[in-house]
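Chain by chain, the residues run as shown.
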Amino acid sequence: NATVEVNYTDAVTGAKEIRILGLNGIYTQLLVENMPGMRGLASVLGLDYIPGTWMESIQITKGTGSVVNGYESIAGQINVELKKPNEAEKLLLNLFGNQAGRMEANLNLAHRFNDKVSTALLLHGNYFDRHHDKNDDHFLDLPNKQQINIINRWKFVFDGQMRGQVGVKYLVENREGGQVPHHFNNPYQTLIDNDRLEFFGKLGWLSPNCSSKSIGLQMNYVHHEIGTFYGAKDFAGNKTYTGLQNSLYANLIYQSMIKNPDHGIRIGASFVWDNYEENFNGDDSKREELVPGVFTEYAYSPSDKFKIVVGVRADAHNLYGLQVSPRMHGKYSFTPESTIRFSAGRGFRKANVLAENLSLLATGRTFDIDPTVNDQVESAWNMGINFVQDLTILEREMSLSLDLYRTVFDNRTIIDPFTDPSKILVYNLDGQS
């Protein structure tokens, strides 16, 4: 799809990025089972942290997503559903290797003890340690890397209508780029090490009298450490960056219908705690964010042809005050083959300047960050329409899609490598974007 593209951002980090509506991947909210997933220090490399064999399904929303899932969606929202303990294969072994030297191993194990308790253990490892330099410039075309990634999750069915899930994830990854070592006595290197530990849980209650009524609690805790080095042993211009992130997310959701299934409503409250400690070339910086929020969302669906969802959330940010994010989504099907979708809404996020621009640390430029950058969040309005027409031509299926979207930033953190060839300028938006 022309408005959803995947590419590699650079040869330094080797990160994969999904760009939606032409905006960088940091403006797309990545969810894992409807909870904010790869954000903060993992926002750039996060797509590499979800192995394909773990995925059950993916849902992509263009524009601002549902208010239920948070405030950070601006250009789009991607939700990845992982394999569930009670539905995953008992045993799945997947091995991969290619001529470039990449090796990968995946092992999924699942077991149902009984109708009420089940568990799954998902293991992933990849290894690439070959000096890939096809253009012979003595710099690695993509970094060598090693990763170990593990999830253990449990699902419980309690007496009555209660359901629960708990799990733990652990990841360790090392990336090494720069000059090909055997060509130099003192090669220039880029080293990126990540260590991530995550706990998550869900608890839900389903009404025995009304299938559309439920209460759910989602919780997630993340501890993420990153360490980077850019330079050589005897090089005066070495750069180092380290980051530590501790984050807690909680979301309480009540869902029901109003009189009949045509009218649905969701009401809830959320809480986000982020604590960052960063060090760049010896300079320390700390930031703590506390963001309690409330939201409500109303859905009207009188028929299979038409549905509209209207929602609003209000978040009280301890550093940036009250942030209100209204959002609206709609769909109308003229025929089963012809559908139009429309959306409008606001989202906001806090830029993590260094963690989101790791590749720029490998340049000879210095970072010149305006102190006022920390005085605001990035916020934007997104609105647009999408029309899809399914066709059959010569007994082959074809889809014609038309997208028209506009994103207007109220505030934006600008990363400017153009004005001064010796610096990376970072400042707040002055004008339109």
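The structure under discussion appears in the preceding block.
Structure report, in brief. In this text the structure is predicted, and so the values were computed from the model without any measurement. Starting afresh in each chain, residues are numbered from 1 along the sequence in its written order. With pLDDT at 70 or above as the cut-off, local features in this predicted model cover only qualifying residues; side-chain atom pairs require 80 or more to be listed or tallied, and sums for whole chains, interfaces and linings still use all residues. Think of the side-chain values as coming from all heavy atoms in the structure, minus any hydrogens and water.

**Focus on the overall build of the protein**
Here's step 1: Think of it this way: any DSSP run of H or I at least four residues long counts as a helix, any run of E at least two long counts as a strand, and we number them from the N terminus. Secondary structure assignment for the protein yields zero helices and 24 strands.
Here's step 2: C-alpha atoms define the radius of gyration in this analysis, and the globule rule sets the expected value at 2.2 Å times the number of residues to the power 0.38. Relative to its length of 433 residues, the protein is compact, with a C-alpha radius of gyration of 23 Å against a globular reference of 22 Å.
Here's step 3: Along the three orthogonal principal directions, the C-alpha set of the protein runs to about 75 × 55 × 55 Å.
Here's step 4: Contacts between residues were defined by any pair of non-hydrogen atoms, one from each residue, lying within 4.5 Å. Looking at the protein alone, contacts between residues at least 24 apart form 60% of all its contacts between residues at least 6 apart.
Here's step 5: Residue-level accessible areas treat just the shown protein chains as cover; the underlying method is Shrake-Rupley with a 1.4 Å probe. Summed over all atoms, the accessible surface of the protein reaches about 21300 Å², with 57% contributed by carbon and sulfur.

**A short note on the sheet that holds strand β24 (residues 423–428)**
Here's step 1: Across the sheet, three strands lie side by side as β20-β24-β23; this open sheet has mixed pairing. In this open sheet, the two edge strands, each paired with only one partner strand, are β20 (366–369) and β23 (413–416). If you compare each strand with its neighbour and ignore which way they point, the axes differ by 15° on average.
Here's step 2: When DSSP locates at least two bridges between a pair of strands, those strands are taken to pair. Sheet analysis places β20 next to β24, joined by four bridges and oriented parallel. Considered in β24, the bridge of Phe-367 is made with Ile-424. Structural elements are reduced to axes, namely lines fitted to C-alpha atoms, with helices fitted over the stretch in contact, and the angle between N-to-C directions of any two is expressed from 0 to 180 degrees.

**What about the pairing of strand β7 (residues 91–97)?**
Here's step 1: With zero of its seven residues buried, β7 lies for the most part at the surface.
Here's step 2: Pairing geometry for β7 and strand β8 (residues 103–112), over seven bridges, is antiparallel. Bridged to Leu-91 within β8 is Leu-109.
Here's step 3: Linking two consecutive strands that pair antiparallel, namely β7 and β8, is a turn of five residues; a positive phi of about 105° is found at Gly-101 within it. Each residue gets one of three labels from its accessible area relative to the maximum for its type: buried under 20%, exposed over 50%, partly exposed in between, using a 1.4 Å probe on protein chains only.

**What to know about the environment of Arg-341**
Here's step 1: Tracing the backbone through its elements, the reader meets Arg-341 in strand β19 (residues 338–349).
Here's step 2: Owing to a relative accessible area of 37%, Arg-341 belongs among the partly exposed residues under this scheme.
Here's step 3: For the pair Arg-341 and Asp-129, spaced 212 residues apart in sequence, the C-alpha separation works out to 46 Å.
Here's step 4: Residues contacting Arg-341, with those up to four places away along its chain left out, are Gly-330, Lys-331, Gly-384, Ile-385, Asn-386 and Val-388.

**A closer look at unusual backbone geometry**
Most of the time, phi is negative for any residue but glycine, and the peptide bond is trans.
Here's step 1: Its identity as a non-glycine residue notwithstanding, Asn-34 has a phi of 65°, on the positive side.
Here's step 2: For Asn-34, the location among the structural elements is in the loop between β3 (28–32) and β4 (35–36).
Here's step 3: One non-glycine residue, Asn-281, lies in positive phi territory at about 55°.
Here's step 4: Summarising the element assignment, Asn-281 is placed in the loop between β15 (260–280) and β16 (283–300).

**So, the side chain of Glu-356**
Here's step 1: Counting through the fold element by element, Glu-356 comes out in the loop between β19 and β20.
Here's step 2: Look at Glu-356 and you get buried, because its relative accessible area is 12%.
Here's step 3: Ignoring sequence-local partners within four residues, the contact set of Glu-356 consists of Ile-26, Ser-43, Val-44, Arg-349, Lys-350 and Ala-351.

**Examining the layout of surface pockets**
Here's step 1: Empty space within the second largest pocket amounts to approximately 840 Å³.
Here's step 2: Considering the residues around the second largest pocket, the lining is formed by 47 residues, among which Glu-17, Gly-25, Ile-26, Val-44 and Glu-356 are closest to the centre.
Here's step 3: Contributions of two or more residues to the lining of the second largest pocket are made by β2 (16–20), β3, β15, β16, β19 and β23.
Here's step 4: For the lining of the second largest pocket, the class distribution of residues is 20 nonpolar, 14 polar and 13 charged. Points on a 1 Å grid, built from protein atoms alone, make a cavity when a 1.4 Å probe fits but cannot get out and make a pocket when they are open with protein on both sides within 12 Å along at least 5 of 7 lines; residues with an atom within 4 Å of a point are the lining residues. Grid points are joined across faces, edges and corners, and a volume is the space filled by probe spheres set on the points. For this scheme, ten residues count as nonpolar: Ala, Val, Leu, Ile, Met, Phe, Trp, Tyr, Cys and Pro. Four count as charged, namely Asp, Glu, Lys and Arg, and the remainder, Gly too, count as polar.

**Observations regarding the sheet that holds β4**
Here's step 1: Taken in spatial order, the four strands line up as β4-β3-β6-β5 in an open sheet, and their pairing is mixed. The open sheet has two edge strands with one neighbour each: β4 and β5 (55–62).
Here's step 2: Pairing geometry for β3 and strand β6 (residues 76–82), over five bridges, is parallel. The residue bridging Leu-30 from the neighbouring strand is Ile-78, located in β6.

**As for empty space enclosed by the protein**
Here's step 1: Taken as a whole and assessed by the stated rule, the structure comprises four cavities of 30 Å³ or more.
Here's step 2: Empty space within the largest cavity amounts to approximately 120 Å³.
Here's step 3: The wall of the largest cavity is formed by 14 residues, among which Met-38, Tyr-49, Asn-149, Lys-169 and Glu-198 lie closest to the centre.
Here's step 4: Those elements that provide at least two residues to the lining of the largest cavity are β10 (144–157), β11 (162–178) and β12 (189–206).

**What to know about the pairing of strand β22 (residues 396–411)**
Successive side chains on a regular strand alternate, one facing one side of the sheet and the next facing the other.
Here's step 1: Relative to β22, strand β21 (residues 378–393) is paired through 15 bridges, and the arrangement is antiparallel. Pairing of Leu-391 across the sheet is with Met-398, part of β22.
Here's step 2: Count of turn residues in the β21/β22 antiparallel hairpin: two residues, of which Leu-394 carries a positive phi of about 50°.

**Topic: the nonpolar core**
Here's step 1: Grouped together as the largest cluster of nonpolar side chains are 41 residues, with contacts concentrated most on Ile-50, Leu-82, Tyr-230, Tyr-241, Leu-358, Leu-361 and Phe-367.
Here's step 2: For this core, the secondary-structure elements that each account for two or more residues are β2, β3, β6, β13 (214–231), β15 and β24.
Here's step 3: At three residues, the largest contribution of residues to this core is made by β6.
Here's step 4: Excluding anything up to four places from it in sequence, Phe-367 contacts Phe-280, Val-353, Leu-354, Leu-360, Leu-361, Ile-424 and Val-426.
Here's step 5: Residues belong to one nonpolar core when they are buried, are Ala, Val, Leu, Ile, Met, Phe, Trp, Tyr or Cys, and are joined through side-chain atoms within 4.5 Å. The next biggest cluster of nonpolar side chains, apart from the first, holds nine residues, and it includes Met-35, Tyr-249, Val-291 and Phe-348.

**Notes on the packing of aromatic side chains**
Here's step 1: Here the aromatic set is Phe, Tyr and Trp, taking the six-membered ring for Trp, and pairing holds for ring centres within 6.5 Å; pairs whose planes are under 30 degrees apart are stacked, those over 60 apart are edge-to-face, and all others are tilted. With the rule as written, the count across this model stands at eight aromatic pairs.
Here's step 2: Both rings, one in Phe-113 and one in Trp-154, keep their centres 5.7 Å apart while their planes meet at 5°; by these two values the pair is stacked. Separated by 41 residues along the polypeptide, Phe-113 in the loop between β8 and β9 (117–128) and Trp-154 in strand β10 bring together distant segments of the chain.
Here's step 3: For Trp-154, a relative accessible area of 28% translates into the label partly exposed.
Here's step 4: Their ring planes at 10° and their centres at 6.4 Å tell us that Trp-154 and Phe-156 sit as a pair that is stacked.
Here's step 5: Two conditions define a charge located above a ring, namely a distance within 6 Å from the ring centre to NZ of Lys or CZ of Arg, and an angle within 35 degrees of the ring normal. Geometry around Tyr-27 places Arg-349 over its ring, the cationic atom sitting 5.4 Å from the centre.
Here's step 6: Looking at Arg-412, its charged tip hangs above the ring of Phe-409, at a distance of 4.3 Å from the centre.

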